[in-house]
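As a plain string of letters, each chain reads:
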2 protein chains.
Amino acid sequence: MEKKVTLKELAKQLNVSISTVSKALNDSPEISPQTRKKVKELADLNYYVPNVLAQNLKTSHTKTIGVIIPAILPHFFAEALHGIETKASELGYRIIICISNESIQKEAESIKTLINGQVDGLIMSLSKETQAKMDIDHIKTLFNHKVPLVLFDRVLDQISCDKIQINDSLQAELATMELYNSGCKKIAFFSGISNTSVSNERKQGYLAALKNLDIKEKVISFDPEKFPEKKLVGLISRKEIDSVLASDELGAILVMKSALDAGYKIPKDLSVIGFTNGTMSKHFRPSLSTVDQHAQDQGKLALETMVDRIEGKLSEKFSNYTLETSIIHRDSTRRNF
Amino acid sequence: MEKKVTLKELAKQLNVSISTVSKALNDSPEISPQTRKKVKELADLNYYVPNVLAQNLKTSHTKTIGVIIPAILPHFFAEALHGIETKASELGYRIIICISNESIQKEAESIKTLINGQVDGLIMSLSKETQAKMDIDHIKTLFNHKVPLVLFDRVLDQISCDKIQINDSLQAELATMELYNSGCKKIAFFSGISNTSVSNERKQGYLAALKNLDIKEKVISFDPEKFPEKKLVGLISRKEIDSVLASDELGAILVMKSALDAGYKIPKDLSVIGFTNGTMSKHFRPSLSTVDQHAQDQGKLALETMVDRIEGKLSEKFSNYTLETSIIHRDSTRRNF
DNA sequence: CTGAAAGCGCTTACAG
DNA sequence: CTGAAAGCGCTTACAG
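Residues numbered from 1 in each chain as written. Chains lettered and ligands numbered in written order. Predicted model: local features only at pLDDT ≥ 70, side-chain atom pairs only at ≥ 80, totals over all residues. Heavy atoms only, no water.

A.B. asks: Any chance you could break down the environment of Phe222 of chain B for me, citing the residues and the numbers?
C.D. replies: For Phe222 of chain B, the position within the fold is in the loop between β7 (219-221) and α11 (229-237). Sequence-wise, Phe222 of chain B and Ser194 of chain B are 28 residues apart; in three dimensions their C-alpha atoms are separated by 8.0 Å. (Helix = DSSP H or I, 4+ residues; strand = E, 2+ residues; numbered from the N terminus.)

A.B. asks: Account for the protein's contact with DNA strand C, with residues named and values stated.
C.D. replies: Close to DNA strand C lie 26 residues, the nearest being Leu7, Ser22 and Tyr48 of chain A together with Lys23 and Lys58 of chain B. Backbone atoms, meaning sugar plus phosphate, form 58% of the atoms of DNA strand C positioned within 4 Å of the protein. Ala54 of chain A has a polar backbone atom sitting 3.4 Å from a base nitrogen of DNA strand C. Residue Lys23 of chain B places a side-chain N or O atom 2.3 Å away from a base oxygen belonging to DNA strand C. When residues of the surface near DNA strand C are traced back to their parent elements, those giving at least two are α2 (18-25) and α4 (52-59) of chain A together with α2 (18-25), α3 (33-45) and α4 (52-59) of chain B. For the surface near DNA strand C, the element with the most residues is α2 of chain A, which contributes four residues. The class makeup of the residues in the surface near DNA strand C is 10 nonpolar, 11 polar and five charged. (Near = heavy atom within 4 Å. Polar contact = N/O pair within 3.5 Å; in protein donor to acceptor, adjacent residues only side chain to side chain. Nonpolar A, V, L, I, M, F, W, Y, C, P; charged D, E, K, R; others polar.)

A.B. asks: An account of unusual backbone geometry is requested, with residue identities and associated values reported.
C.D. replies: All names here are of chain A. Ile266 connects to Pro267 through a cis peptide bond whose omega is 5°. Tracing the backbone through its elements, the reader meets Pro267 in the loop between α12 (249-261) and β9 (271-275). For Asn101, which is not a glycine, the phi torsion comes out positive at approximately 55°. Along the polypeptide, Asn101 turns up in the loop between β2 (94-99) and α6 (104-114). The exposure class assigned to Asn101 is partly exposed, which follows from its relative accessible area of 44%. One non-glycine residue with positive phi stands out, namely Lys239, at about 55°. Within the fold, Lys239 resides in the loop between α11 (229-237) and β8 (243-246). (Buried < 20%, exposed > 50% of the residue type's maximum accessible area, 1.4 Å probe, protein only.)

A.B. asks: Tell me about the sheet that holds strand β12 (residues 326-328) of chain A, and name the residues and values.
C.D. replies: All names here are of chain A. Sheet architecture is open: six strands sit in the order β7-β6-β8-β9-β10-β12, paired in mixed fashion. Looking at strand neighbours, the two that pair on one side only are β7 (219-221) and β12, the edges of this open sheet. Adjacent strand axes in the sheet meet at a mean angle of 20° when their direction is disregarded. With three bridges joining them, β8 and β9 adopt parallel strand pairing. Paired with Ser243 across the bridge in β9 is Ser271. (Pairing = 2+ DSSP bridges. Axes fitted to C-alpha atoms, helices over the stretch in contact; angles between N-to-C directions.)

A.B. asks: An account of the nonpolar core is requested, with residue identities and associated values reported.
C.D. replies: Within the largest apolar cluster, 52 residues are counted, with the highest numbers of intra-cluster contacts made by Leu81, Ile123 and Phe152 of chain A together with Leu81, Ile123 and Phe152 of chain B. Formed by 48 residues, the second largest nonpolar core is a distinct cluster that contains Ile266 and Leu288 of chain A together with Leu235 and Val255 of chain B. (Core = buried A, V, L, I, M, F, W, Y, C linked by side-chain atoms within 4.5 Å.)

A.B. asks: Lay out the protein's contact with DNA strand D in plain terms, naming residues and giving numbers.
C.D. replies: The immediate surroundings of DNA strand D are formed by 27 residues, with Lys23 and Lys58 of chain A together with Leu7, Ser22 and Tyr48 of chain B found nearest. Taking all atoms of DNA strand D within 4 Å of the protein, the share assigned to sugar and phosphate is 59%. Backbone polar atom of Leu7 of chain B to a phosphate oxygen of DNA strand D: 2.6 Å apart, as the coordinates give it. Mapped onto the surface near DNA strand D, the elements with two or more residues apiece are α2, α3 (33-45) and α4 of chain A together with α1 (7-14), α2 and α4 of chain B. Sort the elements by how many residues they give to the surface near DNA strand D and α2 of chain B lands first, with four residues.

Structure below.
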């Protein structure tokens, strides 16, 4: 098999100049139809594909966008990534993805490998560590290199850039209200993802609702690896709680499992609402009522915003989108309202 | 904010040549320690990062690998992708991902956008359509462009390249045997992913086991969007089946749900084994016994193989890895064996 | 130890 | 309508 064919070789074979070949291939009106045809035929015959690296070097944009997310396994991120990829391929962009594994260091490394010209912009959802420590030095290097940034879902006020979010706090407040309206009076908040801005927002919303309702708060943070089963069961048996708002899907499922295993009925003895509408929510028995975060839409919007920014269609001022969300009512909550 | 700083500017500021700067930055022993230090300091000060595009153009390798998968939402692929990314970042490679959405056309487009020099090699898992139609013309263009290919999970014999698989047929056979040994005598095979090589392999394994056992086969293909609930319940109530091997996770979950909803007990009335060890398998009640496909390992091995191929560490002959898999016993099967 | 020069594969003003 | 030349930002033999 011969080497990859270049403009140079095509030019030699046709006895014309490289410029002519280049222009012909790009359908420049400068070139005569006959030459254009001749060039294209030979190019096809040789499976010629222009080297993007060289093209990019000239045009200095790459039509590829970097994506750094904390993980892909959680349904929310897989779904968001799906949205990003779909929109990207629609708009003719490629995506390079890096996973930070919730670590600030890995995040910084990924940024470093991506700001070297191979990417027109960066879409990120921040790692837990970055959010917790509010350490954003590594993010700032982006701006030193004039690489535009779009943040989605896990954002930070300190960073000024385009942002896509959902109104987590409001949604949590509404979800809490719904539990109340369906007859629940002792509502607990369970979080398996403390340390993230979203979990915090959701807690704030929960607390705000309780304040209005004049209900006592009960916030429980836990490590998903060791769910506090006994504690939950104790709370139910002592009738200290009759419902749970969980800040994430897995948390909600673990709450339901523990309650069911202990012999309680859902939603009769315990109502549950989760966040993130994943496959588990849909297929668990009973199915889980949940706040839909519209992960795909967040991803799509992030990508669109990025492209608009790159192509100069946005004003200097950064945009801050807050997506509408909705509560999906399923079988883990009562309907009497 | 100034323009991106280049070697040229650093050279000008230091009153040395571009070559010197380049060599200094690359720690060439040709350059005196003092100059090296001076250059590096200025580079840091200016946040200099070499333009990979230019580097690649010279060295003609990009240290990035393209990945084309049919989807990211199914747990298997998310997990495989996770493995690929992890290993890539370990070995200093970046990955560009494209999703074919199970379509041959999208697959072909993705290949086209990736073979233009921006990728050192391609890792793929084939779309259903590609596997069903055995249409591999678009794959062949890869070879015309001398881009190495590694196939994992969904492969095709007609394509000669490095391959990573699990022994689906054998695993299905073993899983069927296990159902038998645990006392099941009427074993059905449910597939929500017909049209894929893996589903077919698994069916073959199932059939092979039944043949040995002299049991009558019962194969049911269905569209995951409309699971044949009545049919399943009918089969159970008429005692025509006492167990199910499902070719995928969602299929297994749907089988369990339908049976449970109809009032049957698992595993007492119906034993179930699935494929793909996802979160649903783990958290469903009862938890699902399943064949672990070691998705992450497949991903990691695919990436490693790719890198070895690129770096010339592999012999001309293509390798064909078959990974060991294992059955994870949980609560959807009986233990009396 | 330092630098001038060629070249990676392309694009694009500028001449002719 | 066609081509020579410069340049994108780097690397690397080759001279000095």
